[in-house]
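Here are the chains, one letter per residue:
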Amino acid sequence: MAASRVLVICSLILALSSCSGKGEPFPGEGSLGSRVSMRGKITDPSLTYEFRPFARGGTVRDLFNYLYFEGDTVCFSFPLGGEAAPGSVSAVFTDPARGIQVEAERLEVTDGRAWGFSLVGSLMEKFFHDELARPAPRDGYCCRDIPFRVRCTVKAAGGDLERHIDGSFRIEYRDAR
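Here the structure is a predicted model, which means the values were calculated and not measured.

### Remarks on the sheet that holds strand E1 (residues 31-33)
To summarise the sheet geometry, strands pair through backbone hydrogen bonds and adopt either a parallel or an antiparallel arrangement.
Move 1: Across the sheet, which stays open at both edges, the 4 strands sit in the order E1-E5-E9-E8 with antiparallel pairing between neighbours. Of all strands in the sheet, those bounded by a partner on one side alone are E1 and strand E8 (106-110). For this sheet, the mean inter-axis angle between neighbouring strands, taken without regard to orientation, is 15°.
Move 2: Sheet analysis places E8 next to strand E9 (residues 113-119), joined by 5 bridges and oriented antiparallel. From the neighbouring strand, Arg106 faces E9, where its bridge partner is Phe117.
Move 3: Packing against the sheet, helix H3 (residues 120-127) makes contact with strand E5 (73-79) and E9, and its axis sits at approximately 70° to E9.

### Section: the sheet that holds strand E7 (residues 100-103)
Move 1: Judged by pairing direction, the sheet is mixed, and its 5 strands sit side by side in the order E4-E11-E10-E6-E7 without closing on themselves. Each of the sheet's edge strands pairs with one partner strand only, and the pair in question is strand E4 (48-51) and E7. Strand-to-strand, the axes of this sheet are offset by a mean angle of 30°, without reference to chain direction.
Move 2: Note that E4 and strand E11 (residues 161-173) share 4 bridges and pair parallel. When the bridges of E11 are listed, Phe51 appears paired with Tyr173.

What counts and how
Residues numbered from 1 in each chain as written. Predicted model: local features only at pLDDT ≥ 70, side-chain atom pairs only at ≥ 80, totals over all residues. Heavy atoms only, no water. Pairing = 2+ DSSP bridges. Helix = DSSP H or I, 4+ residues; strand = E, 2+ residues; numbered from the N terminus. Axes fitted to C-alpha atoms, helices over the stretch in contact; angles between N-to-C directions. Contact = heavy atoms within 4.5 Å.

See the structure below:
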């Protein structure tokens, strides 16, 4: 009787330990927004950015530089299901229509999260790089959904662990009254 109890207990311990895995830092479901806390939580889920009108004319590059220096960010946050080794996490923004990939400008791994951002102006410059020398459009890319994907990858012993989240951001301009 005692031997069978020990066998049952050992079987349960073995089953539970195999279910819990090795603590691989698999990225959980991510979130997006325009602001992120220093602990990696999205504090403003909006992806609509409002700027003063760009009235200088010039090229698309000039417009994107203007947006860049306004400093608005497209942020992401992915919970990790374990500890990630230093340097094992990467995050990439992708333009799904063109396949253009851009590494996140800022990436932090803290408090069990991978989080960071890229600037709106940087993403626009990379996603629309073939338009940079053209005259800036009158609408300044206003009111268009700019689709993107953020992919978080963790290099782990058993192979890369990935999660992605799709979103779109929008540029709008304040009334110049």
